[in-house]
Amino acid sequence: MIKPLHINQLYSHCDLEKFDFSTTEDLKDLDTIIGQTRALKAINFGVGIKKKGYNLYVMGELGSGKHSIVEQFIKSRKEDQEKPADWCYVNNFEDPRKPISLKLASSMGVQLKKDMEELVEDLQGIIPSVFESEQYREKKQSIIDKLNEIKKESFQKIKEKAKEEYITINYTPSGYTVSPTNKENKILETHEFMILSDKEKEKIQEKIKKFKMQIEHTAQDMVIQSRVQLKEIRELEQNMTKKAVDNSIGELKKRYRLYPNVVAYLQNVEEDIIKNAQDFLISAQNALSTIGVGPASDSSIFSRYRVNVLVTHKDKERVPVVYENNPTYANLFGEIEHVAQMGMLLTDFNLIKPGALHRANGGYLILDVSKVLLQPFVWDGLKRMLQAGAIRIESLAHSLSLISTLTLEPQTIELDVKIILIGNRTLYYLLYNYDPEFKELFKINADFEDRIERNEQNTVLYAQMIGMMVKKNQLLPLDKKAVGRVIEYGSRIAEDSQKLSTHLKSLGDLLQEADFIAAQKKLKRITKNEIDEAITEKIERSDRIKDYIYEEIQRGTILIQIKGEKVGQVNGVPVINLGNYAFGHPVKITALTRLGKDGIVNIEREVKLSGPMHDKGIMILSAFLATRYAKDFPLSVTATLVFEQSYGRIEGDSASCAELFALLSSLSEIALDQSIAVTGSVNQNGQVQAVGGINEKIEGFFDVCKLLGGTKKNGIIIPASNVKHLMLKEEVLNAVKRGVFEIYAIESVDEGMEILTGMVSGKRDARGNFPKKSIDYCIEEKLRIFANKSKQKSYKKEGEPEEKL
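Residues numbered from 1 in each chain as written. Predicted model: local features only at pLDDT ≥ 70, side-chain atom pairs only at ≥ 80, totals over all residues. Heavy atoms only, no water.

## Overview of the side chain of Asn695
Here is the rule we go by: Strands here mean DSSP runs of E at least two residues long; helices mean DSSP runs of H or I at least four residues long; both are numbered from the N terminus. Type-normalised accessible area, obtained with a 1.4 Å probe on protein chains alone, sets the label of each residue: buried when under 20%, exposed when over 50%, and partly exposed for intermediate values. Note on contacts: a residue pair qualifies if any of its non-hydrogen atoms lie within 4.5 Å across the two residues.
With respect to the helices and strands, Asn695 occurs in helix α24 (residues 694-708). Given the relative accessible area of 1%, Asn695 is considered buried. For Asn695, the residues in contact, after removing those within four places along its chain, are Arg492, His725, Leu726, Met727 and Leu728.

## Here we look at the packing of helix α17 (residues 480-494) against helix α18 (residues 504-520)
Note the threshold: Only the stretch in contact is used when a helix axis is fitted, and all axes are lines through C-alpha atoms; the angle between N-to-C directions ranges over 0 to 180 degrees. By definition in this entry, angles of less than 35 degrees are roughly parallel, angles greater than 145 are roughly antiparallel, angles of 65 to 115 are roughly perpendicular, and the rest are oblique. Working rule for handedness: look at the near helix, and if it is turned counterclockwise from the far one by less than a right angle, call the crossing left-handed; if clockwise, right-handed. The residue classification treats Ala, Val, Leu, Ile, Met, Phe, Trp, Tyr, Cys and Pro as nonpolar and Asp, Glu, Lys and Arg as charged. All others, Gly included, are polar.
Where α17 contacts α18, the axes come no closer than 11 Å and their chain directions differ by 140°. As the angle between them shows, α17 and α18 are arranged oblique. Between α17 and α18 lies a crossing whose hand is right-handed. Mapping the contact onto sequence places Val486, Tyr489, Gly490 and Ile493 in α17 and Ser506, Leu507, Leu510 and Leu511 in α18. For the contact of α17 with α18, the residue count by class is six nonpolar, two polar and no charged.

## Examining the pattern of salt bridges
Put simply, the rule reads: Salt bridge, as used here, is a side-chain nitrogen of Lys or Arg placed within 4 Å of a carboxyl oxygen of Asp or Glu.
Enumeration over the complete set of coordinates arrives at 41 salt bridges. Two residues, Arg425 and Asp447, come together in a salt bridge whose shortest N-O distance is 3.0 Å. Here the residue Arg425 occupies a position in helix α14 (residues 425-434), and Asp447 occupies one in strand β16 (residues 444-447), the gap between them amounting to 22 residues. For Arg425, a relative accessible area of 25% gives the class partly exposed. Residue Asp447 is classed as partly exposed on the basis of its relative accessible area of 23%. In this structure, Lys521 engages Glu533 in a salt bridge whose closest nitrogen and oxygen atoms are separated by 2.9 Å. One end of the pair, Lys521, is in the loop between α18 and α19 (528-540); the other, Glu533, is in helix α19, with twelve residues separating them in the sequence.

## A short note on the sheet that holds strand β2 (residues 86-90)
To be explicit about the condition: Two strands form a pair only when DSSP identifies at least two bridges running between them.
Spatially, the three strands line up as an open sheet ordered β3-β2-β6, and their pairing is antiparallel. If you trace the sheet from one side to the other, it starts and ends with β3 (100-104) and β6 (308-311), each paired once. Along the sheet, successive strands turn relative to each other by an average axial angle of 30°, direction set aside. Where helix α7 (residues 260-275) meets the sheet, its contacts fall on β2 and β3, and the angle it forms with β3 comes to roughly 135°.

## Things to note about helix α12 (residues 378-388)
Every buried residue belonging to α12 is among Val378, Trp379, Gly381, Leu382, Lys383, Met385 and Leu386, and all of these are buried. The positive-phi residue at the C-terminal boundary of α12 is Gly389, with phi of around 70°.

## Digging into the pairing of β2
The element β2 is largely enclosed, with a buried count of five among its five residues. Because side chains alternate across β2, one face comprises the buried residues Asp86, Cys88 and Val90, and the other comprises Trp87 and Tyr89, equally buried. Judged from the five bridges that link them, β2 and β3 form a sheet pairing that is antiparallel. Along β3, the bridge assignment pairs Trp87 with Lys103. One ladder, built from three bridges, connects β2 with β6; its direction is antiparallel. What sits directly across from Tyr89, in β6, is Asn308.

## Notes on the confidence of the model for the protein
Let me state the cut-off plainly: What pLDDT reports is the predictor's confidence in each residue, on a scale of 0 through 100.
Here the protein averages 87 in pLDDT, and 94% of its residues register 70 or above. Across residues 287-299, where pLDDT falls below 50, the model places 22 contacts with residues more than four positions away in sequence or in other chains. Segment residues 794-799 is flagged for pLDDT under 50; beyond a separation of four residues in sequence, or across chains, it makes six contacts in the model.

## With respect to the environment of Val570
Among the secondary structure elements, Val570 is positioned in strand β20 (residues 569-572). For Val570, a relative accessible area of 1% corresponds to the buried category. For the pair Val570 and Asp20, spaced 550 residues apart in sequence, the C-alpha to C-alpha distance is 50 Å.

## Section: the packing of helix α23 (residues 656-668) against helix α27 (residues 775-792)
Orientation of α23 relative to α27, taken along the N-to-C sense of each, is 70°, at an axis distance of 8 Å. The angle between α23 and α27 falls in the class roughly perpendicular. Along this stretch, α23 crosses α27, giving a crossing that reads as left-handed. On the side of α23, the interface is formed by Leu664, Ser666, Leu667 and Ser668, while α27 contributes Ile775, Cys778, Ile779, Lys782, Leu783 and Phe786. Classifying every residue of the contact of α23 with α27 gives seven nonpolar, two polar and one charged.

Shown next, in the form of structure tokens:
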């Protein structure tokens, strides 16, 4: 007979003798990342290769610390010595709707902005002083006097010619008058003009008309001369401005001589200032009043000379590592803001705002893939910019033609960034298989381990990691026993006594909750008791549904039998997973068999409450029966299997072993011990296979047995391959130690039947027969009887009464 497991096999205690510290305060900070060799190697490779498409997808369980580990690893790299660049936007004087981007060395963007502000401020003083200089006034007056002299000479000539023909011309501020004169050069009076003959009057009128036309032509010539004069004055202003500007801008050109694009921009600035020199003639007070006011909201004519520093870095700053928690389209790619003014939406290059891609340019951008995929158009935009190798800032509303407001088309910015997506494995494989561009852009995947080996070296490192988490979160120190208990908890959530969980979120939560409990008790350190209390309270916060089910079992609403023996009935132990909490509870599994040809009928499947894995387990049972017991005759049996009082969906094959025991009991008519529950999967050869949630199942059946009183000895059968996964709670260990609860580990169906019945399963002898009075003999004989009766009788057609056996 199979013996129950020893208590040492049910829990792996942490060996505290391996620790050379009293509390976590004595522990050194962990300078390595434990158990993630494969992932770190992949990250190092992906980060190191500087080719297009070699971005990373870091995958693993949520809460395993992927983000912090990736960021820590990247920041510790000594290879990334290249300084990130500054990026600025400046005005495009030829087409203001298309701002120009400038790339400068670290901190030079801010310097350029400062230099341009100082330049404009200086010129606001220099240019007006130039126009107030004696030299400028003399030259301007000379141009004005020249035109006045031409005007005077031209009109004087006309006046003299008119005088010779007895016509006088008088110039007034409001115009001119042309009048006839007598020989004494006196203007004719009206009565004198009226007594003249018609011929003389006509002759005088023709003269007046002639001289008026000459005056008009001369006036037109003077307009042209005035334009020439204005042009000369403007040239004078430009020449004077150029002399004033050349020195200031010349110094900036020398300072930024290593940046041809900046030098070209400064040249355009100089030309624009020269063309618009009059703008600088405003008072210094008005000019100063515009400083600090938003460009689109103020009327400052100098805003076009500003520098919009999009991204800047300190001189000694390392490559940027940026994490964008809210990757909206604007937050990731930047945006062009607008301001309302006089009922209109206005913008200019000063309202261009950077996104995470700009801030991370030249370094690394870390994104949560699930958040990226949830934001409209962000995933497509990210792929488009990675393929183009450039960042284009554009309004999403304009791209979708939702609004028609005038906007900008900024010059693209060269993109040199390593994108690191962090997500789960499901999303990775979905993207890899269904998004053709994904595999071209994210060629490196780093798969984080969910568990690591629980060996002596890793246990010590795990203790150091716990100490580092305590210090990082400013918690009370843990003593040695508390650290050991946390390590054991790491094995429990890993569901393996030989492994440790890398789910740092769970460990961090436990430490913070234990710290709170210790603080309430006014303790100076966290002990094992506070860790145990934190675990207990965590369970109690989530076990309402478990208590409700257990209460219904105790009250007899849910029928569970844990005493005596029963044919065709066994206690299975399914697990209910609530997300943050999982628990097991017993359920009655029954089987009925009779003569027929329907095989094994899964009632759950018939009512569509059975999942595909559970259906698979039932089909395996059919194959097992036929192979073991009916090799030389047809299998003529109809068997029904059901989870009694189960009203929800059932999935998984972990109950297939219990279902088979109930089925074999029904066929052999041998009763099963109801004080022993069963869990385990079975294959076609009768081998018992491992299942998940083994600790929850054992503890669930134990709790119900304790609740119902039980017998002096209850127990549970589990797969032998699950023994290494056992990390049972202390209450179960104490019960095993007292001998009131037993756990059996089996490798085959035969071993399980022997435990449940107290009979030998039996093995075929040399002639191929099972020994009489064995379980297998009884089953084979029953199936042989069914087969013989099946040959002798014809069975009902559909609608006919069923023949009784």
